[in-house]
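Here is how the chains run, residue by residue.
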Amino acid sequence: MELPSTSRNAWWHTATVYQVYPRSFADSNGDGVGDLPGITSKLEYLKALGIELIWLSPVYASPMDDNGYDISDYQAIAPEFGTLADFDDLVAQARSRGIGVVLDLVVNHTSDAHPWFVQSRASRRSAYRDYYIWRKPAEGGGPPNQLTSSFGGPAWTLDERTGEYYLHLFSRRQPDLNWANPNVRHEIYQMMNWWLERGIAGFRMDVIDYIGKQVDQNIVTDGPHLHDYLQEMNRATFGSRDVITVGETWSATPGSALLYSGRARQELSMVFQFEHVTQQWDEIYGKWRSQPFDLVKLKSILGKWQYALAEDGWNSLFWGNHDLPRAVSKYGDVKGYPVESAKMLATVLHLLKGTPFVYQGEEIGMTNAPFTKIEQYRDIETLNMHRLHLEAGLSPEDFIRGANENGRDNARTPMQWSAGANAGFTTGIPWIDVNENYIAINAEVAMSDEHSIWNHYRRLILLRKSHPIIVYGRFQSYLDQHPDIFAYTRTLGEQRLTVLANFSARTITLDLPNELQGSGRCLISNYDPVHKVDAAMEFRPYEAFAILAQSRS
Ligand code: GLC
Ligand code: CA
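Scoring rules and cut-offs
- Numbering of residues starts from 1 in every chain and runs along the sequence as written.
- Each chain is given a letter, starting from A, and each ligand a number, starting from 1, according to the order in which they appear as written.
- For a predicted model such as this one, the threshold for reporting local features is a pLDDT of at least 70, and the threshold for listing and counting side-chain atom pairs is 80 or more; totals across whole chains, interfaces and linings nevertheless cover every residue.
- Think of the side-chain values as coming from all heavy atoms in the structure, minus any hydrogens and water.
- Proximity criterion: a residue is near a molecule or strand once any of its heavy atoms comes within 4 Å of it.
- Between N or O atoms, a polar contact is any pair within 3.5 Å; within protein, one atom must be a potential hydrogen donor and the other a potential acceptor, and residues adjacent in sequence are included only when both atoms are from side chains.
- In this description, accessible areas are obtained by the Shrake-Rupley approach with a 1.4 Å probe, and a residue is regarded as covered only by the protein chains that are shown.
- A cavity, in this analysis, means grid points on a 1 Å lattice covering only the protein atoms where a 1.4 Å probe fits yet has no way out; a pocket is instead an open set bounded by protein on both sides within 12 Å along at least five of seven lines, and a residue lines either one if it has an atom within 4 Å of a point.
- What decides whether a molecule sits in a cavity or pocket is whether more than half of its atoms lie within 2 Å of the grid points.
- Pairing between two strands is assigned when DSSP locates at least 2 bridges connecting them.
- Helix and strand assignments follow DSSP, with helices taken as H or I runs no shorter than four residues and strands as E runs no shorter than two, numbered in order from the N terminus.
- In this description, a line fitted to the C-alpha atoms serves as the axis of each element, helices being fitted only across the stretch in contact, and the angle between N-to-C directions of two axes falls anywhere from 0 to 180 degrees.
- Note on contacts: a residue pair qualifies if any of its non-hydrogen atoms lie within 4.5 Å across the two residues.
- By convention here, the domain bounds are inherited from an automatic or database domain assignment.
- Two parts placed together each lose some accessible area under a 1.4 Å probe, and adding up what both lose gives the buried area.
- When describing relative orientation, an angle under 35 degrees is termed roughly parallel and one over 145 degrees roughly antiparallel, while 65 to 115 degrees is termed roughly perpendicular and anything else oblique.
- Side-chain classes are defined by residue name, with Ala, Val, Leu, Ile, Met, Phe, Trp, Tyr, Cys and Pro counting as nonpolar, Asp, Glu, Lys and Arg as charged, and the others, Gly among them, as polar.
- The nonpolar core is taken to be a set of buried Ala, Val, Leu, Ile, Met, Phe, Trp, Tyr and Cys residues, with the residues joined through side-chain atoms within 4.5 Å.
- The rule is simple: take the accessible area with a 1.4 Å probe, protein chains only, and divide by the maximum for that residue type; under 20% is buried, over 50% is exposed, in between is partly exposed.
- The pairing test for Phe, Tyr and Trp rings, Trp by its six-membered ring, is centres within 6.5 Å, and the orientation test on the planes gives stacked under 30 degrees, edge-to-face over 60, and tilted for anything in between.
- Here, over-ring charges are defined by two tests on the NZ atom of lysine or the CZ atom of arginine: distance to the ring centre within 6 Å, and angle to the ring normal within 35 degrees.

**Student:** Sorry, what's going on with the site of ligand 1 here?
**Tutor:** Around ligand 1, the structure places 14 residues, and the nearest of them are Asp66, Asp206, Glu248, His322 and Asp323. In the model, an oxygen atom of ligand 1 is placed 2.9 Å from a nitrogen or oxygen of the His322 side chain. Surface burial for ligand 1 is 98%, taken as the share of its 310 Å² of free accessible area covered by protein chains. Among the detected pockets, ligand 1 sits in the largest pocket.

**Student:** What is the right way to look at the sheet that holds strand β16 (residues 495–502) in this model?
**Tutor:** To summarise the sheet geometry, strands pair through backbone hydrogen bonds and adopt either a parallel or an antiparallel arrangement. Pairing is antiparallel in the open sheet, where 5 strands are placed in the order β14-β15-β16-β22-β19. Of all strands in the sheet, those bounded by a partner on one side alone are β14 (474–478) and β19 (521–525). With direction set aside, neighbouring strand axes in the sheet form an average angle of 20 degrees.

**Student:** Could you clarify how one ought to interpret the environment of Ile99 in this entry?
**Tutor:** Within the element layout of this structure, Ile99 appears in the loop between α3 (84–95) and β5 (100–105). Distance from Ile99 to Ile133, taken between C-alpha atoms, is 39 Å for residues 34 residues apart in sequence. With residues up to four places along the chain from it excluded, the contact list for Ile99 reads Leu43, Leu46, Lys47, Ile51, Glu52, Leu53, Ile54 and Ala94.

**Student:** Any chance you could explain the environment of Val17 here in plain terms?
**Tutor:** In this fold, Val17 is placed in strand β1 (residues 17–20). As a C-alpha pair, Val17 and Ile54 span 37 residues in sequence and 5.6 Å in three-dimensional space. Not counting residues within four places of it along the chain, the set of residues in contact with Val17 comprises Ile51, Leu53, Trp55, Ile244, Thr355, Pro356, Phe357 and Val358.

**Student:** Can you walk me through the domain arrangement of the protein chain in this structure?
**Tutor:** A common way to state how big an interface is: give the accessible area lost once the parts meet. Each domain of the protein chain was delimited in the assignment, giving domain 1 (12–112 + 178–369 + 415–460), domain 2 (115–167) and domain 3 (471–550). With centres defined by C-alpha atoms, the gap from domain 1 to domain 2 works out at 30 Å. Taken together, the contact pairs 17 residues of domain 1 with 17 residues of domain 2. Overall, the association of domain 1 and domain 2 removes approximately 1,400 Å² of surface from exposure, summing both partners, and the carbon and sulfur fraction of that is 54%. For the domain 1 face of the interface with domain 2, the top three residues by lost area are Asp112, Asn178 and Val215, together amounting to 36%.

**Student:** Which parts of the structure should I look at to understand the packing of helix α6 (residues 226–236) against helix α7 (residues 254–261)?
**Tutor:** Axis angle and axis distance: for two packed helices, these are the angle between their axes and the distance between the axes, and together they describe the pair. The interhelical angle for the contact between α6 and α7, taken along N-to-C directions, is 25 degrees, at an axis separation of 10 Å. In this view, α6 runs roughly parallel relative to α7, as classed from their interaxial angle. Residues Leu226, His227 and Leu230 of α6 pack against Ser256, Leu259 and Tyr260 of α7. Considered class by class, the residues forming the contact of α6 with α7 number 4 nonpolar, 2 polar and no charged.

**Student:** Please explain the nonpolar core as it appears in this structure.
**Tutor:** What tends to happen in soluble globular proteins is that the nonpolar side chains get buried as a cluster. Counting residues in hydrophobic clusters, the biggest one holds 148 residues, and the most contacted among them are Tyr18, Ile54, Leu56, Phe87, Met192 and Trp319. Broken down by element, the residue count for this core peaks at 7 residues, all from helix α5 (residues 182–197). By size, the runner-up hydrophobic cluster in this structure holds 15 residues, among which are Tyr478, Ile485, Cys522 and Ile547.

**Student:** Even after reading the chapter, I still don't get the packing of aromatic side chains, so can you show me in this structure?
**Tutor:** To describe a pair of aromatic rings, one takes the distance between the centres and the angle between the planes. Using the criterion set out here, one finds 39 aromatic pairs in the structure. Where Phe274 meets Phe318, the ring centres are 5.4 Å apart and the plane angle is 65 degrees; that geometry is what we call edge-to-face. Residue Phe274 is located in the loop between β11 (270–272) and α8 (275–278), and its partner Phe318 is located in the loop between β12 (316–317) and α10 (327–331); the two are separated by 44 residues in the primary sequence. Overall, the relative accessible area of 0% leaves Phe274 in the buried class. Among the residues examined, Phe318 registers a relative accessible area of 4% and is labelled buried. Taken together, the aromatic side chains of Tyr60, Tyr74, Phe87, Trp116, Tyr128, Tyr131, Trp194 and Trp195 make up a single cluster linked through ring pairs. Here the guanidinium or amino end of Arg23 rests over the ring plane of Trp431, the centre of that ring lying 5.2 Å away.

Dropping the structure here:
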């Protein structure tokens, strides 16, 4: 099979990545918190699903102000997650099953308990002062400028001891590192090499678009040296190794994605872009008051990314992660068609060009957390925003409604393994409530049912490994203005893959353009197999299927 010359083969082009949120995945010792031995005990499950890479949200030593995204020692494992020996065991056991372990690299900031920061704040003359971003108060007092934290309030906190402010674009316990300082960069590269030597398969890079910030110019993302730093990092660490790297970049545009992931650039394998997520947010209240779902917009954004990265660069494909609501709750129909809509979403995403990421529990159709009281929430962002929005006059009920829809804890309830106590996640008291629907929605039930969402994911993951057209085929969208139908083709050589999906709970009847018509082999469907697309078609609620045809036969 001739592959487009533009698509260099990389082993991770055919792989599907599974994101593990360690705190909520599997608890091995009954303390209510998921841990590394718990993950190791589930490797067979991941292998059965066809997963070749797991990305672990942070497992490093941390005061857990932001569930581990506040790191106090980059080269130690948080005791609640286990030990370095547990980590090495996970990597070895995973490797023996053909699974690589990707670590979360959180280097925009550290914890305030990191020894660098402890020394940095001790004195203005500390050798570590310049590891962080310190500024004098504004003239007349107050923070140096108007930058705000993603978790609410000013991005600056006054440190009484030295009378200066330090920058924290997240919580005040997450001071931002100063990437302009070469010592900071070199310490980080050494740390990365230490993990690479331990046999990890790559890094997911937390808010990596922030590291080139220039606070005095109010530049946070895409600063002037961002790409220089990434190229330097690439040369100093993973560039010589066959690993996968994915940057978390909320600011990414197709143009900047080509800089991050372009073939000749020597930066990253790919980035996570969030345009399809943020397009639904309110201009003022952000995700706490989101707009109704609009398929035409979603298609235009996903399509734009497919076209832009067709010749160079590489896409990541995902519906959810630990910061986002559950895919089926957001884009599907949990009440009417939970199984059909979850399979439809998987079909549409996994047959695009790019590397798919499955967020834990997505493969069994886990849903948003039905919390009714603020006391049930654990996430620092949700708790901070609750305080701020209530102060600003939002009613508690409205806030809970927003959190139910978009709060980060939706994705953080324990993985539902079985219908047993606490969904089989822990024998103790879980750190956050289990979603009460675990009796019906759990991995044990899903694996034993041939028609489950889980088996649908397993088939999609397998298809990617056996069909180069799914990996490399050229993307073309159709019916761009249709409010309910997602339609695209992929073509490679003589082959053509047609993907059609109904994003609504209604039966949709429509006339299809010539280019979509024809017959072939049904690769996957969520009702019965469909082998032929006619001039006029009827789509059942959330129906989705893919037909593979020889285009010139
Ligand atoms: C990223 C992480 C998020 C975290 C933040 C600060 O957005 O995904 O969970 O709170 O960075 O590290
Ligand atoms: Ca535990």
